[in-house]
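An overview of the molecular structure
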Amino acid sequence: MSTIIGGQALRDLVNDWIGQGTLVAGPGYVKDDLILYRWLHRSDQLLLESYERPHNSIKEFLFPKHEKLYGYHLDGRKIELNEVPPLETPQIIFAARPCDAAALPILDHVFNWDFQDVFYNRRRSLTTVVTLACQEHDEHCFCTAVGGGPQDERGSDAMLFALGQDQYKVRCFTEKGQALFTGKLQESTRTGKVGPGPGQRLDLAKVRAFVNANFESPRWAAMTLRCLGCGACTYNCPTCHCFDIVDEKVGAAGARVRSWDSCQLAMFTHHASGHNPRSVQSQRQRQRVAHKFDTYPAKFGEILCTGCGNCARVCPVGLGIMPVLAAIEREAAGEPGTPVGEKSVSR
Ligand code: SF4
Ligand code: SF4
């Protein structure tokens, strides 16, 4: 037996949550054919039937693009600090893709391993994640190559499975997930099938071996020549988490603000002396691959990638991490064939 809910009942439930003051985010059109995870005002803004992957990730609902850490006011030599009041509003991330939710245990670790980030942890404790198991995938998806899959449960409090005929099977994994659906589900003999998942495969051991043996190789430039250094791949990645902290001040008052940063931007490692240890784009691409597939896994035992494919989906020049990993595999097999050369200028 399974537990199911009808599509209209599901939409009514979403409207009930919004009406009760809960913040609800889910996939929806923002313009033309651009689908993003966004805050919902009504359930008819929710795109439940399409499996097309949103171009952003759910991390922004837990780790916002910009966040005030505290305010301050200067009065001569006196500084008055103004704390940011703790968040109170619960939030639900609804119909998230499993590859987005699978990034949350990674972010939980990143924001707690050496320092407990109260801002992230507060949002996380107020958040319930309901995922939608994938029936379809596109050419950029490779979750199954990095230990995930179309019904990966990691990070999900509950998961929906489309059964057709406007019905959804609901599986609850945590008390938070159960609390959302208590009294709303019916028993059924219908069981949902998920898609087989993407067929792309990777030999991660080869990738790690190449990274370690070829750190200074000119082949990095050949493999990543197209990269513009725009940072879109990192901003839309569910696991990328780098940030910068700056003071923004007008007159005597200001705030300390945390904003997303990106290892693909030249200024990311620009020293005050003017020296930049990653002065060309191929070094920044090497950093991204090495951190996700070698350095971080070696230290914490986990790959910093869920195979969502967003980096390739949003890349203006068709790069992203999978094409680089595929090029590494070809290099490791002695089959280069990628264009060589890069301007040796800082940008
Ligand atoms: S590196 Fe690319 S495929 Fe991997 S999680 Fe980030 S955006 Fe998704
Ligand atoms: S790989 Fe693509 S998305 Fe990422 S920085 Fe380079 S051009 Fe931008």
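Higher on the page you've got the structure.
A short tour of the structure in this document, coming up.

Cut-offs used in this document
- Residues numbered from 1 in each chain as written.
- Chains lettered and ligands numbered in written order.
- Predicted model: local features only at pLDDT ≥ 70, side-chain atom pairs only at ≥ 80, totals over all residues.
- Heavy atoms only, no water.
- 1 Å grid on protein atoms, 1.4 Å probe; cavity = no way out; pocket = protein on both sides within 12 Å on 5 of 7 lines; lining within 4 Å.
- Points joined across faces, edges and corners; volume = space filled by probe spheres on them.
- Helix = DSSP H or I, 4+ residues; strand = E, 2+ residues; numbered from the N terminus.
- Nonpolar A, V, L, I, M, F, W, Y, C, P; charged D, E, K, R; others polar.
- Buried < 20%, exposed > 50% of the residue type's maximum accessible area, 1.4 Å probe, protein only.
- Polar contact = N/O pair within 3.5 Å; in protein donor to acceptor, adjacent residues only side chain to side chain.
- Core = buried A, V, L, I, M, F, W, Y, C linked by side-chain atoms within 4.5 Å.
- Contact = heavy atoms within 4.5 Å.

Attention now goes to the layout of surface pockets. Computed from the structure, the largest pocket encloses a volume of approximately 530 Å³. Lining the largest pocket are 26 residues, with V110, W113, H241, C242 and H291 positioned closest to its centre. Looking at the lining of the largest pocket element by element, the count peaks at 8 residues for helix α9 (residues 281-300). By volume, the second largest pocket is sized at about 230 Å³. Lining the second largest pocket are 21 residues, with C134, E136, H137, D138 and C141 positioned closest to its centre. For the lining of the second largest pocket, the class distribution of residues is 10 nonpolar, 6 polar and 5 charged.

With that settled, consider the side chain of R284. In this structure, R284 sits in helix α9. The buried category is assigned to R284, whose relative accessible area is 1%. In this structure the side chain of R284 is engaged in a polar contact, spanning 3.1 Å, whose partner is the backbone oxygen of R278.

It is worth spelling out the nonpolar core at this point. Among the nonpolar cores identified, the biggest contains 24 residues, and F142, V289, F293, L325 and I328 are the most heavily contacted of them. Mapped by element, the contributors of at least two residues to this core are α6 (204-213), α7 (219-223), α9 and α11 (321-332). Apart from residues lying up to four places away in sequence, F293 is in contact with V146, L204, V207, R208, I303, C305, I321 and L325. Formed by 23 residues, the second largest nonpolar core is a distinct cluster that contains L48, Y51, I92 and Y168.

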